[in-house]
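What follows is the residue order along each chain.
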Amino acid sequence: QVQLVESGGGLVQPGGSLRLSCVVSGSRFSIDAMAWYRQVPGQSREWVASISSGGWPNYLDSVKGRFTVSRDNGKNTVYLQMNNLKPEDTAVYYCKKVLGDYWGQGTQVTVSS
C-alpha cells in the first residue's frame, strides 16, 4: 500500500522559510516522479512543483526562484524548500506521486505577521 506522509508546515512571518518533507512508502520511490500541490479553502488544488525520477525540477511561475524541490532516494523522501515566503503562499501543501492517485494528508503553511 502506497503511503505519503508530509511534515514541516507551520506559521512563519513574511520573508521567512520552511522546508516541507514527504516520506513515501510502499512504492519504488527511486523511479517515481513526485509533485507538490497546494490548496486554499474554497479554491482548486494548485500544482506547485515537480521533480522527475532523475532529479529534474519544474516550478509554478510564482514560486520560481523562491522554492526548491529535491529528493533523497535513500530516504524515500521528497522536499520542498520554501524561501522568501509571502502571505499568498498560505495553503495546505500536499505531495503526490505523479503517476497514480496517491496523495499525502497535507501540511498547513501559514505566512502571516
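Conventions adopted
- Residues numbered from 1 in each chain as written.
- Predicted model: local features only at pLDDT ≥ 70, side-chain atom pairs only at ≥ 80, totals over all residues.
- Heavy atoms only, no water.
- Core = buried A, V, L, I, M, F, W, Y, C linked by side-chain atoms within 4.5 Å.
- Buried < 20%, exposed > 50% of the residue type's maximum accessible area, 1.4 Å probe, protein only.
- Helix = DSSP H or I, 4+ residues; strand = E, 2+ residues; numbered from the N terminus.
- Contact = heavy atoms within 4.5 Å.
- Disulfide = S-S within 2.5 Å.

A. Focus on the nonpolar core. Counting residues in each nonpolar core, the largest one holds 27 residues, and the members touching the most others are Trp36, Leu80, Met82 and Tyr93. Every element with two or more residues in this core is listed here: β3 (18-25), β4 (34-39), β5 (46-51), β7 (67-72), β8 (77-82), β9 (91-97) and β10 (107-111). Examining the composition of this core, we find that four residues originate from one element, β3, more than from any other. The residues touching Met82, leaving out its near neighbours within four places in the chain, are Gly16, Ser17, Leu18, Leu20, Arg66, Phe67, Tyr93 and Val109.

B. Representation of the environment of Asn76 in the model. Turning to its location among the elements, Asn76 is positioned in the loop between β7 and β8. Each C-alpha atom, one on Asn76 and one on Phe29, is 5.8 Å from the other, the two residues being 47 residues apart in sequence. Not counting the four nearest positions on each side in its chain, Asn76 is found in contact with Cys22, Val23, Val24, Ser27 and Phe29.

C. Structural detail: the state of the cysteines. In the structure shown here, the tally under the stated rule is one disulfide. Two residues share a disulfide in this structure: Cys22 and Cys95, whose sulfurs sit 1.9 Å from each other. With the S-S bond torsion at 50°, the cross-link from Cys22 to Cys95 turns out right-handed. A residue pair is termed long-range when its members are at least 10 positions apart, and Cys22 in strand β3 and Cys95 in strand β9 qualify at 73 residues. What makes Cys22 buried here is its relative accessible area of 0%.

All we've got here are geometric facts, nothing functional implied.
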